[in-house]
Amino acid sequence: MVLVRVLATPHVEHYTVGLYGALSRSVEVALVSTRRYGVGVRQFVVPRLPLPRRSTLLRDAVLRFLSGRFDVVHANSSGEGVLVRGWKRLVVTEHGYPDPSVVESGLRWYYERERESLVRLGEAGVPIVAISNYTAAQLRENLGVKPTRVIYHGVLDAFRSKGSREAPRKHSVLWVSRLVSFKEPFVLLEAVKRIKGKADFAVYLRGDGPLKGEVLRFVREEGLEGRVKLLDAVP
């Protein structure tokens, strides 16, 4: 039996570990990235460079070189996908609509590049997977890109509760993300503000980013210190 060989670029930790850990049970999987992940597959780890907007230059070169040696290449961004040699072997997963208008000015170049790459790949007929019907609709309406499939993220067993299903007396809410505008942390904080006197709960925000100061100020000015706690980002 011929074993299919898949080269992939990672996304966030739980997605990378869950998807490629499961996939490696039936095909040969290799990752090319700038850091090592806790999953038992072959990994090509290429360090970042101290270059503005070009920190992944070496990783990009390795991705392009290796891509011709695998049967399938799964890229988790279109910017990575356009680097692949021979797009007929390429599948791209888009994890959202890359809208430059909702991110901080320092990140807009990345989203503009992602949009351009996504349109190029879509026009070339590369299979594009969207992670939700909402994302698929945004790609169609704003870029004219029609995703081939919609596949939602799964949930690892490690994240499933194994305890009692009874409602707790005090609820704990965990929000894990970068503190940037398009992640909308203030939607959660406004909700906390509205219900702070109606239920017993605590909210934990784990992350960092340019909005951290504004978040701390909101928590202080709205008297939410007893409800909301900021935790350090997970490396």
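Please read all numbers here as calculations on a predicted model, not as lab measurements.

Caption draft 1: Just the pattern of salt bridges, in detail. Applying the stated criterion across every chain, the model contains 6 salt bridges. Here R5 makes a salt bridge to E28, at a shortest N to O gap of 3.5 Å. Remark: E28 occurs in strand 2 (residues 28-33) and R5 occurs in strand 1 (residues 5-8); sequence separation between them is 23 residues. By relative accessible area, which is 30% here, E28 ends up partly exposed. Between R59 and E80 there is a salt bridge; the shortest N-O distance is 3.1 Å. Here R59 is found in helix 2 (residues 57-67), whereas its partner E80 is found in helix 3 (residues 78-81), with 21 residues between them in sequence. Both residues of the pair, R59 and E80, count as buried. A single network of salt bridges, built from pairs that share partners, joins R59, D60 and E80.

Caption draft 2: Just the pairing of strand 1, in detail. In terms of strand pairing, strand 1 meets strand 2 through 4 bridges, oriented parallel. Counted as the bridge partner of A8 is L31 from strand 2. Between the parallel elements strand 1 and strand 2, the chain passes through helix 1 (residues 13-23) in a crossover that is right-handed. Here 3 bridges tie strand 1 to strand 4 (residues 72-75), and the two strands are oriented parallel to one another. For A8, the partnering residue across the bridge sits in strand 4 and is H74.

Caption draft 3: Region of the structure containing the nonpolar core. Core analysis: the biggest nonpolar cluster contains 20 residues, and L7, L90, V92, L121 and I128 have the highest contact counts within it. Among the secondary structure elements, those contributing two or more residues to this core are strand 2, helix 2, strand 4, strand 5 (90-94), helix 4 (108-123) and helix 5 (133-143). With 14 residues, the next largest nonpolar core counts W175, L188, L189 and L211 among its residues.

Caption draft 4: Summary view of the side chain of T9. Of note, T9 is situated in the loop between strand 1 and helix 1. Apart from the residues within four sequence positions on either side, T9 is in contact with Y20, L31, V32, L63, H74, A75, N76 and E80.

Caption draft 5: Seen up close, helix 6 (residues 185-195). By the burial criterion, the buried members of helix 6 are P185, L188, L189 and V192. All buried residues of helix 6 fall inside an arc of 95° around its axis, so they share one side. Seen from the buried face of helix 6, the exposed residues on the opposite side, beyond 90 degrees, are V187 and R194. Those residues of helix 6 that are buried are in contact with strand 8 (171-176), strand 9 (201-206), helix 7 (212-221) and strand 10 (228-231).

Caption draft 6: Focus on the layout of surface pockets. Reported here for the second largest pocket is a volume of approximately 530 Å³. If you go around the second largest pocket, you meet 23 residues; those closest to its centre are Y15, G18, L19, Y20 and H74. Those elements giving two or more residues to the lining of the second largest pocket turn out to be helix 1, strand 4 and strand 5. Here the lining of the second largest pocket gets 9 residues from one element, more than from any other, and that element is helix 1.

Caption draft 7: Highlighting the sheet that holds strand 1. Here we have 7 strands laid out as an open sheet, ordered 3-2-1-4-5-6-7, and parallel in their pairing. Edge positions in the sheet fall to strand 3 (42-45) and strand 7 (149-150), since each of these pairs with one other strand and no more. Where strand 6 (residues 128-130) lies against strand 7, 2 bridges are found, and the strand directions are parallel. Of the residues in strand 7, the one forming a bridge with A130 is V150. The strands that helix 1 touches are strand 1, strand 2, strand 4 and strand 5; relative to strand 2, the one it contacts most, it runs at about 155°. Packing against the sheet, helix 2 makes contact with strand 1, strand 2, strand 3 and strand 4, and its axis sits at approximately 155° to strand 2.

About the cut-offs
Residues numbered from 1 in each chain as written. Predicted model: local features only at pLDDT ≥ 70, side-chain atom pairs only at ≥ 80, totals over all residues. Heavy atoms only, no water. Salt bridge = Lys/Arg side-chain N within 4 Å of Asp/Glu carboxyl O. Helix = DSSP H or I, 4+ residues; strand = E, 2+ residues; numbered from the N terminus. Buried < 20%, exposed > 50% of the residue type's maximum accessible area, 1.4 Å probe, protein only. Pairing = 2+ DSSP bridges. Right-handed = clockwise from strand over helix to strand, strands pointing away. Core = buried A, V, L, I, M, F, W, Y, C linked by side-chain atoms within 4.5 Å. Contact = heavy atoms within 4.5 Å. Arc of directions from axis to C-beta. 1 Å grid on protein atoms, 1.4 Å probe; cavity = no way out; pocket = protein on both sides within 12 Å on 5 of 7 lines; lining within 4 Å. Points joined across faces, edges and corners; volume = space filled by probe spheres on them. Axes fitted to C-alpha atoms, helices over the stretch in contact; angles between N-to-C directions.

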